[in-house]
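Chain residues, written in single-letter form:
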Amino acid sequence: MPVLPGAEPYRHEGGEVGVLLCHGFTGSPQSLRPWAEHHAAHGLTVSLPLLPGHGTRWTDMQLTTWQDWYAEVDRELRALTERCSRVFVAGLSMGGALALRLAARHGGKVAGAVVVNPANRVHGLSAYALPVARHLVRSTKGIASDIAKRGAVELGYDRVPLHAAHSLRRFLRRVDGELPQVTQPLLLLRSAEDHVVPAADPARVLSRVSSRDVTEIVLEHSYHVATLDVDADRIFEESLSFIGRLAPSVGKEGTAAVG
């Protein structure tokens, strides 16, 4: 299936500092594209991949699992570490969980992590029914476009495939067990009102990681997809400042044209 217009992956060749951005469950690179372009404009090398099964139609996602999604970002990280002297990982929602697992598993190859409304578990009684329900019902209503900003829309599926949701549940449980292995500096931004990921999830992340350099920022005006919401510019600036503090060369290598 062709990729939906706007859901294409994004890459930019910049300086020696790189950042890998990971989008969320049933979403696409569109939700992080402004963030990626902001960092590219400031001289960073940027990779924003399209996760397998995403960006086409929800039925394609039925055929993928968390191993496929993680393998994609793992490949991108390895490519960035070959190209750049310092690499950061970042993500929204499930993308935040992907970024945290990359940090846990790759250790010193990851200089720091930035997560926005990171998912930590699948909530509700329905989560416990997934192992059986996924064989009886193919999908449920979507979770895309939880955005406060009027007119802003996330390019994501209008259905959640239950086979994929079951795999997501298993993935998040695995990541939770690996969080103590995250030792890198961490910037966590969470929305005060989020209708997809409850406040308990970022709180759990903060309580489980071993990072000593931790910054938490509350986004007062945005919902779940904060990277397209009212506080988007703050996310971009805070994350760039975070990266610049840990990699002082950022912003001093010129601003190559964004491509």
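Higher on the page you've got the structure.
Note that the structure is a prediction, hence the values are computed from the model and not measured.

1. Brief notes about the side chain of Q184
Mapped onto the fold, Q184 is located in the loop between α6 (162-178) and β8 (186-191). Within the structure, Q184 has its side chain in polar contact with the backbone oxygen of A103 (distance 2.9 Å). Q184 has contacts with A103, G107, V110, A111, G112, S211 and D213, leaving out every residue within four places of it along the chain.

2. Notes on helix α1 (residues 33-41)
Considered for burial, the residues of α1 that qualify are W35, A36, H38, H39 and A40. Those residues of α1 that are buried are in contact with β1 (10-12), β2 (17-22), β3 (45-48), β4 (86-92), β5 (112-116) and α8 (232-246). A positive backbone phi angle near 95 degrees is found at G43, which sits one or two residues after α1.

3. Details of the packing of α1 against α8
Between α1 and α8, whose axes approach to 10 Å, the crossing angle comes to 45 degrees. Between α1 and α8, the angle is such that the two are oblique. Judged by the sense of rotation from one axis to the other, the crossing of α1 with α8 is right-handed. Across the interface between the two elements, P34, W35, H38 and H39 of α1 pack against I235, F236, E237, S239, L240 and I243 of α8. Of the residues assigned to the contact of α1 with α8, the class counts are six nonpolar, three polar and one charged.

4. Describing the side chain of H106
Its location among the elements puts H106 in helix α4 (residues 94-106). H106 has contacts with Y70, D74, L77 and R78, leaving out every residue within four places of it along the chain.

5. Some words on the nonpolar core
Counting residues in each nonpolar core, the largest one holds 43 residues, and the members touching the most others are F25, W69 and F171. For this core, the secondary-structure elements that each account for two or more residues are β2, α2 (58-61), α3 (66-83), β4, α4, β5, α6 and β8. The element best represented in this core is α4, accounting for eight residues. In contact with F25, not counting residues within four places along its chain, are H54, M61, W69, M94, I143, V160, A164, A165 and L168. In terms of nonpolar packing, the next biggest core, distinct from the first, is built from 34 residues, V17, L48, A232 and V250 among them.

About the cut-offs
- Residues numbered from 1 in each chain as written.
- Predicted model: local features only at pLDDT ≥ 70, side-chain atom pairs only at ≥ 80, totals over all residues.
- Heavy atoms only, no water.
- Helix = DSSP H or I, 4+ residues; strand = E, 2+ residues; numbered from the N terminus.
- Polar contact = N/O pair within 3.5 Å; in protein donor to acceptor, adjacent residues only side chain to side chain.
- Contact = heavy atoms within 4.5 Å.
- Buried < 20%, exposed > 50% of the residue type's maximum accessible area, 1.4 Å probe, protein only.
- Axes fitted to C-alpha atoms, helices over the stretch in contact; angles between N-to-C directions.
- Parallel < 35°, antiparallel > 145°, perpendicular 65-115°, else oblique.
- Left-handed = near helix turned anticlockwise from the far one by under 90°.
- Nonpolar A, V, L, I, M, F, W, Y, C, P; charged D, E, K, R; others polar.
- Core = buried A, V, L, I, M, F, W, Y, C linked by side-chain atoms within 4.5 Å.

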